[in-house]
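# Descriptive analysis of the structure
Each chain, letter by letter, is given below.
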Amino acid sequence: MKNEINISISKKVFNKAFIHLLECIKRYLILYGGAGSGKSYFICERYLYKLLKNKTCNLLVVRKTGKSNRDSTYALFKQIISKWKLNKYFKINESDLRIKCLLNGNEIVFAGLDDVEKLKSITFSKGELTDVWIEEASEILESDFNQLDVRLRGKGTQKQIVISFNPIDINHWLKKRFFDIKSDNVEVMHSTYLNNDFLDDDYKELLESYKNTDPYYYDVYCLGNWGVLGKTVFDAKKLQERLQNIPKPLKIGYFSYDYDGIKISDIKWVNDKNGYINIYQVPNVPKITKYCIGCDTAGDGSDYFTAHVLNAETGEQVATLKQQFDADQYAKQIYCLGMYYKEALVGIEANFDSFPIMELQRLGYTNQYVREAVDTYTGKTEKRFGFKTTSLTRPTIISKLIEIVREHTEVINDRDTIEELLTIVRNEKGRIEAPDGGHDDQMMGLAIAHHIREQVVFDTEPIEVHSQYRFNIEKINETNNDYGEEIVIV
Ligand SMILES: Nc1ncnc2c1ncn2[C@@H]1O[C@H](COP(=O)(O)OP(=O)(O)OP(=O)(O)O)[C@@H](O)[C@H]1O
Ligand SMILES: [Mg+2]
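Residues numbered from 1 in each chain as written. Chains lettered and ligands numbered in written order. Predicted model: local features only at pLDDT ≥ 70, side-chain atom pairs only at ≥ 80, totals over all residues.

Further remarks concern the site of ligand 1. Near ligand 1, the surroundings consist of 14 residues, among which Ala35, Lys39, Ser40, Tyr41 and Phe198 are the closest. Partitioning the shell around ligand 1 into residue classes produces 6 nonpolar, 7 polar and 1 charged. (Near = placed C-beta within 6 Å. Nonpolar A, V, L, I, M, F, W, Y, C, P; charged D, E, K, R; others polar.)

In structure tokens:
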């Protein structure tokens with residue numbers, strides 16, 4: 001008969017905020033955020049649980065250097081094993097940095113990326129490598145990550161990489177790889193010290209004190225926001241503050257519709273948490289609110305199509321779209337978005353190809369932004385649909401956006417937009433751009449949206465002057481008073 005041992009672990013030993021991740025089986029599990037939030041501690045606890053429970057679970061714990069592992073992850077495993085009174089079930093090998101579960105042979109090996117030989121030759125006494133934990137992953141290069149990722153391929157047992165880090169740089173490869181691209185095999189958990197039920201008050205006070213002493217540290221280690229290093233074009237302080245108060249989208253999803261080859265009909269909204277349209281305010285039907293949509297089209301394949309819907313009067317961002325898809329699908333979603341927002345004025349970037357503009361026209365959308373263009377043959381000025389980005393118009397609309405961000409940060413509601421604006425810098429040639437192959441498509445879409453606002457026609461209600469109201473009641477001193485310009489009533 002098999003010897004079975006029952007080990008019970010109380011749920012109370014875990015931080016409540018993390019416990020839902022205990023059984024997560026997605027390939028990449030990402031825990032990021034502020035300092036002292038309980039990430040490392042939870043990851044250790046979770047692996048001990050997995051190691052005891054799963055038939056095969058062999059873990060490699062990686063940090064940039066072997067030494068840092070000994071002092072942190074390895075020490076933490078030992079600490080929790082002893083706290084949970086499990087020492088008799090584990091064999092701890094100090095010289096090798098190995099921990100073995102004596103009940104089932106599962107093992108943990110610790111290695112630094114600086115120990116290439118050790119990394120290459122790691123084997124387990126029973127079965128293959130199933131799990132990798134990359135602690136403080138912001139310290140490692142993407143190429144190092146790729147090598148570990150490749151190592152953990154292959155059929156058979158369920159494999160998983162856990163990645164933990166503080167978000168030290170908004171331009172980090174980790175952000176581009178796991179946050180800017182949505183993927184079903186990635187589970188992300190953000191946490192700050194507020195999620196840690198076990199943290200002492202001194203630590204909390206220290207983190208809060210950064211607010212006055214070091215805004216960068218405060219953003220990254222207290223709030224767990226992506227850190228912004230160096231000088232940015234948009235007011236980083238205001239944007240970081242705005243991130244603390246932004247609303248959650250009311251709806252996330254996309255539009256479904258019938259298309260008979262000519263016309264779009266039967267437009268419906270589909271709720272989908274992996275959707276690419278975020279709605280922050282639904283169209284205001286009874287009031288005469290007007291909307292406009294700025295659209296940035298994808299260039300050479302790597303970029304996103306974006307769209308920003310604004311309340312044309314206040315400039316408030318009420319919806320966003322961001323997706324990599326074909327231009328015709330984009331045009332159809334814009335058609336639906338425009339119709340939904342009461343036939344909003346749509347301004348599409350006309351640079352790479354004019355297909356979305358023509359497609360929108362063909363579908364019968366009647367409210368497109370019109371620009372004046374000079375015909376190269378006749379020299380005459382003509383009216384064309386769409387917004388043309390040139391070396392003159394680009395800085396102009398971006399300058400306007402810089403001013404809006406500075407003066408009215410509260411009109412921006414979308415986290416992804418703000419996080420992109422925080423990456424934008426001026427390069428050595430003076431051009432405003434996202435560095436290191438980053439994206440500027442949210443910035444451009446939003447800048448176009450604000451630019452076209454002035455072309456939205458507002459129906460002004462007729463002013464009726466009734467005979468009982470007179471403007472010249474205050475007869476006294478009338479000649480000295482300045483009542484402003486004369487109002488001409490047509
Ligand atoms: N489940 C727990 N039980 C008891 N104490 C805990 C638990 N989780 C966290 N702590 C306490 O909170 C402290 C901070 O947790 P931890 O080191 O896991 O944070 P972290 O998010 O990894 O921080 P950093 O980003 O600085 O690495 C730990 O040193 C420990 O004292
Ligand atoms: Mg940690």
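Resuming the write-up.
Tracing the chain through its elements places Arg431 in the loop between β18 (425-426) and β19 (432-433). For the pair Arg431 and Val282, spaced 149 residues apart in sequence, the C-alpha to C-alpha distance is 36 Å. (Helix = DSSP H or I, 4+ residues; strand = E, 2+ residues; numbered from the N terminus.)

Once that is clear, we can look at the packing of helix α9 (residues 327-340) against helix α10 (residues 355-362). α10 packs onto α9 with a crossing angle of 50° between their chain directions and a minimal axis gap of 9 Å. In terms of their interaxial angle, α9 and α10 are classed as oblique. Taken as a pair, α9 and α10 cross one another with a handedness that is right-handed. Contacts from Ala327, Asp328, Tyr330, Ala331, Ile334 and Tyr335 of α9 reach α10 at Phe355, Pro356, Glu359 and Leu360. Residues belonging to the contact of α9 with α10 are distributed by class as follows: 8 nonpolar, no polar and 2 charged. (Axes fitted to C-alpha atoms, helices over the stretch in contact; angles between N-to-C directions. Parallel < 35°, antiparallel > 145°, perpendicular 65-115°, else oblique. Left-handed = near helix turned anticlockwise from the far one by under 90°. Contact = placed C-beta atoms within 7 Å.)

Residue position: Ala350 is located in the loop between β15 (345-348) and α10. Between the alpha carbons of Ala350 and Thr297 there is a distance of 8.0 Å; along the sequence they are 53 residues apart.

A word on the packing of helix α1 (residues 39-53) against helix α2 (residues 66-83). In a pair of packed helices, the angle between the axes and the distance between the axes together describe the arrangement. Two numbers describe how α1 lies on α2: the axes approach to 10 Å, and their chain directions differ by 60°. As far as their axial angle goes, α2 and α1 are oblique. Handedness of the crossing formed by α1 with α2: right-handed. On the side of α1, the interface is formed by Ser40, Tyr41, Cys44, Glu45 and Leu48, while α2 contributes Leu76, Phe77, Ile80 and Ile81. Here the residues of the contact of α1 with α2 are counted per class, giving 7 nonpolar, 1 polar and 1 charged.

Quick look at the confidence of the model for the protein now. On average, residues of the protein score 90 in pLDDT, and 92% of them are at 70 or above. Within the model, pLDDT remains below 50 along residues 469-490, and this stretch shows 3 contacts once partners closer than five positions in the same chain are excluded. (pLDDT = per-residue confidence, 0-100.)

Under the domain assignment used here, the protein contains domain 1 (11-224) and domain 2 (251-455). For domain 1 and domain 2, the distance between their C-alpha centroids amounts to 40 Å. (Domains from an automatic or database assignment.)

Another aspect to go through is the sheet that holds strand β4 (residues 98-101). Pairing is mixed in the open sheet, where 8 strands are placed in the order β3-β4-β5-β2-β6-β7-β1-β8. Edge positions in the sheet fall to β3 (90-93) and β8 (186-191), since each has one partner strand and no second. Strand-to-strand, the axes of this sheet are offset by a mean angle of 15°, without reference to chain direction. Of the pairings in the sheet, the one linking strand β2 (residues 59-63) to strand β6 (residues 131-135) comprises 4 bridges and is parallel in character. From the neighbouring strand, Leu60 faces β6, where its bridge partner is Val132. Of the strands in this sheet, β1 (28-33), β2, β4, β6, β7 (160-165) and β8 are in contact with α1, which crosses β7 at around 160°. Most of the contacts of helix α4 (residues 142-151) go to β6, to which it runs at about 165°, and overall it touches β2, β6 and β7. (Pairing = 2+ DSSP bridges.)

We now examine the environment of Ile161. Examined against the element boundaries, Ile161 turns out to sit in strand β7. On the basis of neighbour counts, which here come to 21 C-beta atoms within 10 Å, the residue Ile161 falls in the buried class. Along the primary structure Ile161 and Asp131 are separated by 30 residues, whereas in three dimensions their C-alpha atoms are 5.8 Å apart. Ignoring sequence-local partners within four residues, the contact set of Ile161 consists of Arg27, Tyr28, Val132, Ile134, Leu148, Asp149 and Leu152. (Buried ≥ 20, exposed ≤ 12 C-beta atoms within 10 Å, placed from the backbone.)

What follows concerns the sheet that holds β15. With mixed pairing, the 7 strands of this open sheet are ordered in space as β10-β9-β11-β14-β13-β12-β15. Two strands in the sheet have a free side with no partner beyond their single neighbour: β10 (264-271) and β15. Between one strand axis and the next, the sheet turns through 25° on average, direction left out of account. Note that strand β11 (residues 277-279) and strand β14 (residues 317-323) share 3 bridges and pair antiparallel. If you follow Ile279 over to β14, its bridge partner there is Ala319. Lying on the sheet, α9 is in contact with β9 (251-259), β10, β11, β12 (291-296), β13 (305-311), β14 and β15; it crosses β9 at an angle near 105°. Of the strands in this sheet, β12, β13, β14 and β15 touch helix α13 (residues 441-452), which is tilted by about 145° from β12.

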